[in-house]
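Structural characterization, general
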Amino acid sequence: MALEPKTVTCQCGAEYRIRRPVHYCTACGRAVFYSEGYRRRDRLNNYYVYLAVAVVIGFVVYIFIEMIADPLLKM
Ligand SMILES: [Zn+2]
């Protein structure tokens, strides 16, 4: 992915000349995005991660209930 070098300003005021979709500010650690479109895409990716984590937790709870709680209730 070749992007034109572009100067972006972090919320803390630091300026970076970047050619990647996202750069992590060395002064405050916040993510600085190349454009608004990349910021939106990054947020969408985060939602997918949260969704995946929620599914995994739900599955673990389901397995727990099936394997541990259910036999205990039947004793
Ligand atoms: Zn910063």
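Residues numbered from 1 in each chain as written. Predicted model: local features only at pLDDT ≥ 70, side-chain atom pairs only at ≥ 80, totals over all residues.

1. Observations regarding the overall build of the protein
The following threshold applies: Labels follow the DSSP assignment, with helices taken as runs of H or I lasting at least four residues and strands as runs of E lasting at least two, numbered in each case from the N terminus. Residues are called buried when their C-beta atom has 20 or more other C-beta atoms within 10 Å, exposed when it has 12 or fewer, and partly exposed otherwise; all C-beta atoms are positioned from the backbone. Our contact criterion uses C-beta atoms placed from the backbone: two residues qualify when those atoms are within 7 Å.
Helices and strands together make up the secondary structure of the protein, namely one helix and four strands. With the C-alpha coordinates aligned to their principal axes, the bounding extent of the protein is approximately 65 × 25 × 15 Å. A total of 75 residues make up the protein; the buried ones form 1% of that total. Within the protein, residue pairs in contact and separated by at least 24 positions form 9% of the contacts whose partners lie at least 6 positions apart.

2. Details of the pairing of strand E2 (residues 15–18)
What counts here: For two strands to pair, DSSP has to find at least two bridges joining them.
As paired strands, strand E1 (residues 6–9) and E2 are joined by four bridges and run antiparallel to one another. Along E2, the bridge assignment pairs Lys 6 with Ile 18. Where E1 hands over to E2, the hairpin turn is made up of five residues, of which Gly 13 adopts a positive phi near 100°.

3. What to know about the environment of Thr 26
When you line up the elements, Thr 26 lands in the loop between strand E3 (22–24) and strand E4 (31–33). Residue Thr 26 is classed as exposed on the basis of its 9 C-beta neighbours within 10 Å. When the C-alpha positions of Thr 26 and Ala 2 are compared, they lie 23 Å apart, and in sequence the two are 24 residues distant.

4. Regarding helix H1 (residues 36–74)
Stated precisely, the cut-off is as follows: Every helix has an expected span of 1.5 Å times one less than the residues it contains. Here the bend at a residue is taken as the angle between two axes, fitted respectively to the seven residues that end there and the seven that start there.
Over its 39 residues, H1 extends 56 Å from the first C-alpha to the last, a length consistent with the 57 Å expected when each residue adds 1.5 Å. Roughly 35° is the biggest bend found in H1, and it falls at Ile 65. Taking burial as the measure, the 39 residues of H1 include zero buried ones, a minor fraction of the element.

5. Brief notes about the domain arrangement of the protein
Applied cut-off: Where each domain starts and ends follows an automatic or database-derived domain assignment.
Here the domain parsing of the protein yields domain 1 (1–34) and domain 2 (36–75). The straight-line distance from the C-alpha centre of domain 1 to that of domain 2 is 32 Å.

6. Section: the environment of Asp 42
Here Asp 42 shows up in helix H1. Judged by the 13 C-beta atoms lying within 10 Å of it, Asp 42 falls in the partly exposed class. Residues in contact with Asp 42, not counting those within four places in the same chain, are Val 22 and Phe 33.

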